[in-house]
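Analysis of the macromolecular model
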Amino acid sequence: MWMETFRSFLSIALELTVLFVAISFIINLLQSYIPYEKVEKHLSGKNKGLAALFALIFAFVTPFCSCSTIPVIVNMLKKKMPFSIVMIFLFASPVLDPTIITIMGVILGWKVTIIYTMVTAIFSVIIGFLLDALGFESSVKNVVMTGYEEETKKFNVKRALFETFNLMKSVYPYLIAGAAIGAVIHGIVPTDWIASTFGSDKWWIIPLAAVIGIPLYIRLSSMIPISQVLIAKGMALGPVMALMISSAGASLPELVLLKSIFKKELVITFVISVITMSTVSGFIFYLV
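Computed from a prediction, not measured in an experiment: that's the story for all the values here.

1. Examining helix α11 (residues 220–233)
In this model, α11 (14 residues) spans 20 Å end to end at C-alpha, consistent with the 20 Å of a helix rising 1.5 Å per residue. For α11, the principal kink sits at I226 and spans about 25°. A large share of α11 lies buried, amounting to eleven of its 14 residues. Among all positions of α11, only L220, S221, S222, M223, I224, P225, I226, S227, V229, L230 and K233 are buried. Phi turns positive, to about 115°, at G234, one or two residues after α11.

2. Some words on a positive patch on the surface
Taken together, the side chains of K141, K259, K263 and K264 make up a positively charged region of the molecular surface. Secondary-structure assignment places K259 in helix α13 (residues 252–261). With a relative accessible area of 38%, K259 lands in the partly exposed category.

3. Section: the nonpolar core
One finds Y116, M244, L258, F262 and F270 to be the most contacted residues of the largest nonpolar core, which totals 69 residues. Setting aside its immediate chain neighbours within four residues, L258 contacts I70, L90, V267 and F270. Listed in part, the seven residues of the second largest apolar core include I194, L230, M235 and V240.

4. What to know about the packing of aromatic side chains
Inspection of the entire model under this criterion finds four aromatic pairs. Ring centres 5.1 Å apart and planes at 40° place the aromatic pair F91 and F270 in the tilted group. Residue F91 is found in helix α5 (residues 83–92), and its partner F270 is found in helix α14 (residues 264–287); the two are separated by 179 residues along the sequence. For F270, a relative accessible area of 2% translates into the label buried. An aromatic cluster is present here, built from W203, F283 and Y286 joined pairwise through their rings.

5. A look at unusual backbone geometry
One non-glycine residue, K80, lies in the positive phi region at around 60°. Among the structural elements, K80 can be located in the loop between α4 (69–78) and α5.

6. Observations concerning the environment of M87
Relative to the assigned elements, M87 resides in helix α5. For M87, a relative accessible area of 1% translates into the label buried. The spatial distance from the C-alpha of M87 to the C-alpha of G128 is 4.8 Å, given a sequence separation of 41 residues. Once residues lying within four places of it in the same chain are set aside, the contact partners of M87 are G128, L131 and F262.

7. Observations concerning the environment of I26
Among the secondary structure elements, I26 is positioned in helix α1 (residues 2–30). The class of I26 is partly exposed, set by a relative accessible area of 48%. In the structure, I26 is positioned 135 residues away from L161 in sequence and 9.4 Å away in space, judged by C-alpha atoms.

8. Looking at a nonpolar patch on the surface
Together, W203, W204, L208, I212, L216, Y286 and L287 line one region of the surface with nonpolar side chains, adding up to about 740 Å² of accessible area. At the level of elements, α10 (205–216) and α14 are the ones that each hand at least two residues to the nonpolar patch. Counting residues per element, the nonpolar patch draws most heavily on α10, at three residues. When you line up the elements, W203 lands in the loop between α9 (191–197) and α10.

9. A closer look at the confidence of the model for the protein chain
Across the protein chain, the average pLDDT comes to 79, with 80% of residues at 70 or higher. Of all secondary-structure elements in the protein chain, the lowest mean pLDDT belongs to helix α2 (residues 36–43), at 68, while helix α7 (residues 110–133) reaches the highest, 94. Low pLDDT, under 50, characterises residues 145–152; the stretch is placed with ten contacts to residues that sit more than four places away or in other chains.

What counts as what
- Residues numbered from 1 in each chain as written.
- Predicted model: local features only at pLDDT ≥ 70, side-chain atom pairs only at ≥ 80, totals over all residues.
- Heavy atoms only, no water.
- Helix = DSSP H or I, 4+ residues; strand = E, 2+ residues; numbered from the N terminus.
- Expected span 1.5 Å × (residues − 1).
- Bend = angle between axes of the 7 residues up to and from the residue.
- Buried < 20%, exposed > 50% of the residue type's maximum accessible area, 1.4 Å probe, protein only.
- Patch = residues over 30% accessible without salt bridge, like charges linked within 9 Å, V, L, I, M, F, W, Y side chains within 5 Å.
- Areas by Shrake-Rupley, 256 points an atom, 1.4 Å probe, with all protein chains shown as cover.
- Salt bridge = Lys/Arg side-chain N within 4 Å of Asp/Glu carboxyl O.
- Lys, Arg positive; Asp, Glu negative; His and termini not counted.
- Charge placed at Lys NZ, Arg CZ, Asp CG, Glu CD.
- Core = buried A, V, L, I, M, F, W, Y, C linked by side-chain atoms within 4.5 Å.
- Contact = heavy atoms within 4.5 Å.
- Phe/Tyr/Trp six-rings, centres within 6.5 Å; stacked < 30°, edge-to-face > 60°.
- pLDDT = per-residue confidence, 0-100.

Below you can see the structure in the form of structure tokens.
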């Protein structure tokens, strides 16, 4: 049994490693063609629809986890960007990682990945504009974060390799941890038990998974291999995606950081919004 688990881990880890290195390098190389100054100009533009689109694009091309998004949020607020656009970026950035989404497409299938991308993007826009309309901009504290400076990077092959290596140091351990957990689930946890306990007829698991995901803080990179095994074992897609979105969209460390720049009512609303987005997204996958 343990030998089979080890073989499964090697297989999953090797596949993820090849995908991660290749995709990260290509994306880092392509970043030299992204006009960041124009993107920033559109983020502050009067056309809110276009600004929202560019907020999603900016979230997609800046591969941050939930915690590392916070300095960028502070910088956007400092530049007096529209509150709704800042909120769209806050919700979209952790869940729209280009490298992980590409790996998701290869591992979980492009249909699942396209639906995931569309759902998280649409919900990020809706929540961002809704929070602005409800007047939550007044819940932002006056905070100045030091030690964060924008950097205009000229990407080439050498720079792309350097950034790929840095990304591996921060993300790759989570990817391997996910592969290890997935291999253990594959080798030890009975398929029948997962299918009967977390199968498609257990709709109530979706909101439960959305709530559980936040304190677990399972990064999106770790959830991909785990999700692959859980789905193969018979777990319904709805709770898997609810868990994936909530764990990537918010975390306890992020909430501590958010408390330093947002008042309590906005932090609570942020958590409720992530849980709502995760739950509704889970039900969308449940019906697909």
